[in-house]
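Chain by chain, the residues run as shown.
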Amino acid sequence: MPLEEGDPRLEYVVTHATVSLGLERAKFLKSFLNEDNLNRLEAFCDEDTAMCLVMAPNCKLEPGFPAKLANKGKSLAFLKVAPVVLTKEKFNPADLVMTELQGAAPVEHLELLASECFLPVLSNPLNQRKWGEVATREILDKFVAFLNSTTIMCGHVKGETRLPMPPDDSQSVNVKNRVGLLEGAVITWTKQIKAVLKQDPEQALKDGQDPTPDVELAFWRHKANNLNAIFDQLQSPRIRRVLRALDLAKSTYCTTFSRLCKEVYTARLEANDNVKFLRTLEDWFDKLASAEDFPACEDLFKPMLHVVLLIWKNSRHYNTPARLVVLMREVCNSIIEQACNYVSGETIFQKIDAEETHLAVVEIKTLLRVCGSFKATYKEYKRTADAECPANQYMPNKKNTVCLKFTATADNSQRRNVEAANIFGFIDDQQNNSAATVNPTGGSRTVLSGLDAPIPAGRSQVSFIVTVFKDSLDLGPLKLRGFKAEPSLSDVEKRFKPFDECEMDPETPGCAGSF
């Protein structure tokens, strides 16, 4: 029998849908009342084997449970308690159950349902009267553990770390267990936070994988998002109340967790800073990974490594050998991947079998040239980085100091080599102020730099590093005057050199003290 307005079965669906979806009755009926929906609702009521009917966010009814819920909006499921026929004359609302389904976030819906519905019911003292204290405690402990797991899973679904909150004081079974409950929450938070802090970009390489540089950027983005989410949660009033309660209870966990919070703050700054700098390489990484012409990759090396050099010079956290080694290995993996796409052992032997050996030789030479070009470009920029700011260079203010490499012709009029020499002179900016950091007033004749390598007799090319103020350099070309080199003892120069590997550890392979 066709459903009509006033039918209790139709009224049941309309009433529950308008309440759950928060729609006005007239607006809902305009979207819902159509031939397809009425036919499906009638079939659901008339067939005892039809046990489930789902209403999508667009108010469209679907028989049975769909394979995939809508990504946005709320869906409603009408379920029969038993396989019965629902007639207009004998309709009993108790034969149906309605529940909400959150398509975009079903796990969050489960968490909300557990925390806002089930937990208050289980924590109600009236419901606990016949359980006994031991059973009550065990039930609540198990359910809180389930709720914590659900909260953590919600974070994993979103790609972040969510710290599960302990139940409110009003939900506690016994006040004396309150501190233990809060300490248990802190222990869980500590495990979660340490797992995030422990994440290492080199782990993929240690596991024997061959990650490309886009993995490095994705790692730091994920870690930054994770730490930002943790930091925001640690600043929330609820967690502050938990820590304040433990502090008043003289809990021993407070000091340790406070130290961990400081580690989160420091690691968060590092991750965000690394993302900011590595983001400048994203376009170059994409071009390298998607290059269709392998020889054209050669044009990407210089601009890409130039950006790496700028990161090395300006980043506060990514300018360490450990970070750069991982990045360079990943760039090499990307080049190897492109090289394998360009030529493989199988194609080489196929061309040899086809008597096209000359083409195979050309491809191999091209491959070696491109790889050699990357190696040479890397060494060039490494020399630039070493030359711009040596480890033992005097830098009074790193932010306002620039290291400049000078190349000059030394005229050694003596008939023997000079062991070492000191460089004297004056460097002025466009406003005639001294630009040399070792002589800021410009009023005295000061050693600007030194030559610690032997200078042969006659004319020869020499190079040396001088630090100048960045503000002076920004004004325009610097003016040099009175440059002169005077012989000095090499032993004196060596005193200011950093220790090499053999001096630090004589047993290092290749050193005199090694076995």
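Residues numbered from 1 in each chain as written. Predicted model: local features only at pLDDT ≥ 70, side-chain atom pairs only at ≥ 80, totals over all residues. Heavy atoms only, no water.

This part takes up the overall build of the protein. Scanning the protein for helices and strands turns up 18 helices and 9 strands. Counting every position in the protein, which comprises 515 residues, the buried fraction comes to 37%. Contacts in the protein between residues at least 24 apart in sequence constitute 69% of all its contacts with a sequence separation of at least 6. Of the roughly 30,600 Å² of accessible surface on the protein, 54% is carried by carbon and sulfur atoms. (Helix = DSSP H or I, 4+ residues; strand = E, 2+ residues; numbered from the N terminus. Buried < 20%, exposed > 50% of the residue type's maximum accessible area, 1.4 Å probe, protein only. Contact = heavy atoms within 4.5 Å. Areas by Shrake-Rupley, 256 points an atom, 1.4 Å probe, with all protein chains shown as cover.)

Another point: the packing of aromatic side chains. Scanning the model with the defined rule gives 12 aromatic pairs in all. Taken together, a centroid distance of 6.0 Å and an interplanar angle of 45° make the contact between Trp-189 and Phe-257 tilted. In this pair, Trp-189 sits in helix 6 (residues 178–197) while Phe-257 sits in helix 10 (residues 253–278), placing the two residues 68 residues apart along the sequence. Taken individually, Trp-189 and Phe-257 each receive the classification buried, so the pair is uniform in this respect. (Phe/Tyr/Trp six-rings, centres within 6.5 Å; stacked < 30°, edge-to-face > 60°.)

Before going further, it helps to spend a moment on the side chain of Asp-428. One can find Asp-428 in strand 6 (residues 420–428). Residue classification places Asp-428 among the buried positions, given a relative accessible area of 10%. A polar contact of 2.7 Å, which involves the side chain of Asp-428, links it to the side chain of Arg-481. When sequence neighbours within four positions are dropped, the list of residues in contact with Asp-428 reads Asn-433, Ser-434, Ala-435, Leu-478, Lys-479 and Arg-481. (Polar contact = N/O pair within 3.5 Å; in protein donor to acceptor, adjacent residues only side chain to side chain.)

Before going further, it helps to spend a moment on a nonpolar patch on the surface. On the surface, Leu-79, Val-81 and Val-97 cluster together into a nonpolar patch covering about 230 Å² of accessible area. Structurally, Val-81 can be placed in the loop between strand 3 (74–80) and strand 4 (96–102). Judged by relative accessible area, which is 54%, Val-81 ranks as exposed. (Patch = residues over 30% accessible without salt bridge, like charges linked within 9 Å, V, L, I, M, F, W, Y side chains within 5 Å. Salt bridge = Lys/Arg side-chain N within 4 Å of Asp/Glu carboxyl O.)

Our focus in this paragraph is the pairing of strand 1 (residues 52–55). Of the two faces of strand 1, the one lined by Cys-52 and Val-54 and the one lined by Leu-53 and Met-55 are each fully buried. Direction of pairing for strand 1 relative to strand 2 (residues 61–63): antiparallel, over a ladder of 3 bridges. Residue pairing in the sheet places Val-54 in a bridge with Glu-62 of strand 2. Turn length for the strand 1-strand 2 hairpin, with the two strands adjacent in sequence and antiparallel, is 5 residues, and the turn residue Cys-59 shows positive phi of about 70°. (Pairing = 2+ DSSP bridges.)

Attention now goes to the sheet that holds strand 6. Strands belonging to one sheet form pairs held by backbone hydrogen bonds; the direction of such a pair is parallel or antiparallel. Here we have 3 strands laid out as an open sheet, ordered 7-6-9, and antiparallel in their pairing. Two strands close off the open sheet at either side, each with one partner strand: strand 7 (447–451) and strand 9 (479–488). Each strand axis lies, on average, 25° off the axis of its neighbour in the sheet, ignoring direction. As paired strands, strand 6 and strand 7 are joined by 4 bridges and run antiparallel to one another. Bridge pairing in strand 7 places Asn-422 opposite Gly-450. (Axes fitted to C-alpha atoms, helices over the stretch in contact; angles between N-to-C directions.)

Attention now goes to the pattern of salt bridges. Counted under the stated rule, the structure contains 17 salt bridges. Residue Asp-7 is joined to Arg-9 by a salt bridge in which the shortest nitrogen-to-oxygen separation is 2.9 Å. With respect to burial, Asp-7 and Arg-9 carry one shared label: buried. Its salt-bridge partner being Asp-474, residue Lys-470 comes within 3.3 Å of it at the nearest N-O pair. With Lys-470 and Asp-474 both in helix 16 (residues 470–474) and 4 residues apart, the pair spans about one turn of that helix. Through salt bridges with shared partners, a single network forms among Asp-7, Arg-9 and Asp-46.

Next up on the list: the nonpolar core. Leu-281 and Leu-327 are the most contacted members of the largest nonpolar core, which totals 57 residues. Ranked by the residues each element gives to this core, the list is headed by helix 10, at 9 residues. Setting aside residues up to four positions removed in sequence, Leu-327 forms contacts with Pro-213, Glu-216, Leu-278, Leu-281, Phe-285, Val-308 and Tyr-318. Counting 21 residues, the second largest nonpolar core, distinct from the first, contains Leu-29, Phe-32, Leu-53 and Phe-91. (Core = buried A, V, L, I, M, F, W, Y, C linked by side-chain atoms within 4.5 Å.)

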